[in-house]
Amino acid sequence: MDAGQPLTRRIWMHFARHVFMFALAGLVFAVLSMIWRQAVPVVAFMHADDWQVTEGRVSAHVEGYKLRKCTRIAGSEVGYVRADGDAWIETRFAYLADDTPENSKPRGWYSFGRWQWNDQGRPPSHVMMTIQHDCDGKLLSTTIGPFRVDR
């Protein structure tokens, strides 16, 4: 009987080691998933070019990478402008040219079309916009920009 105990103990330790490793893997997955939901933005590497500055308006072609598969909340877009040294001012924002304006795009690199901001009386040096996304039931506020206005 004593001769069988070491084998039983080895089997038990082997089983306990696997249970511990699976529990540890589950914990690591849960932590990484929480970090992904909280810290990873919806879009990244955003770039604005082909600037057009007209009386009262500024527009640019915007492109970038959509990292997360989240749904855009239509109508939640808010534009902001700022002249050098001034505070950000909320302003009207519009999509001028977007091939799929009411579409939430899947992950990937995109041209998001031409975007326009009103200038609030002074030509801005920087612009940005915020938008709300639904990421699996969690509302996330996304800031895109700021972009320096090239004249």
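Going by the structure above, here's the rest.
Visitor: How should the pattern of salt bridges be read in this particular structure?
Guide: Note on pairing: side chains with opposite charge can pair once their charged atoms come close. By the definition in use, this model includes four salt bridges. The salt bridge partner of Arg114 is Asp50, with a shortest N-O separation of 2.6 Å. On the criterion of sequence distance, the pair formed by Arg114 in strand 7 (residues 108–118) and Asp50 in strand 1 (residues 43–54) is long-range, its members being 64 residues apart. Look at Arg114 and you get buried, because its relative accessible area is 13%. One salt bridge in this structure joins Arg122 and Asp86, with 2.3 Å as the shortest N-O distance. Highlighted residues: Arg122 in the loop between strand 7 and strand 8 (126–135) and Asp86 in the loop between strand 4 (78–82) and strand 5 (89–91), separated in sequence by 36 residues.

Visitor: Is there a simple way to explain the packing of aromatic side chains in this structure?
Guide: Per the stated rule, a full pass over the model turns up nine aromatic pairs. Judged by centre distance (5.2 Å) and plane angle (85°), the rings of Phe93 and Tyr95 are edge-to-face. Residue classification places Phe93 among the buried positions, given a relative accessible area of 13%. Exposure remark for Tyr95: the relative accessible area of 25% places this residue in the partly exposed category. By the ring-pair criterion, three or more aromatic residues cluster together here, those being Trp51, Phe93, Tyr95, Tyr110, Phe112, Trp115 and Trp117. Stacked on the ring of Trp88, the Lys or Arg Arg82 has its end atom at 5.2 Å from the ring centre.

Visitor: Could you clarify how one ought to interpret the sheet that holds strand 7 in this entry?
Guide: Strand pairing in a sheet relies on backbone hydrogen bonds. The paired strands run either parallel or antiparallel. One open sheet holds the four strands; their spatial order is 1-2-7-6, and the pairing between them is antiparallel. Two strands bound the open sheet, and with one partner strand each, they are strand 1 and strand 6 (93–97). When the angles between neighbouring strand axes are averaged without regard to direction, this sheet yields 30°. When strand 2 (residues 57–66) meets strand 7, the two strands line up antiparallel, connected through 10 bridges. Bridge assignment links His61 to a residue of strand 7, and that residue is Arg114.

Procedures and definitions
Residues numbered from 1 in each chain as written. Predicted model: local features only at pLDDT ≥ 70, side-chain atom pairs only at ≥ 80, totals over all residues. Heavy atoms only, no water. Salt bridge = Lys/Arg side-chain N within 4 Å of Asp/Glu carboxyl O. Helix = DSSP H or I, 4+ residues; strand = E, 2+ residues; numbered from the N terminus. Buried < 20%, exposed > 50% of the residue type's maximum accessible area, 1.4 Å probe, protein only. Phe/Tyr/Trp six-rings, centres within 6.5 Å; stacked < 30°, edge-to-face > 60°. Lys NZ or Arg CZ within 6 Å of the ring centre and 35° of its normal. Pairing = 2+ DSSP bridges. Axes fitted to C-alpha atoms, helices over the stretch in contact; angles between N-to-C directions.

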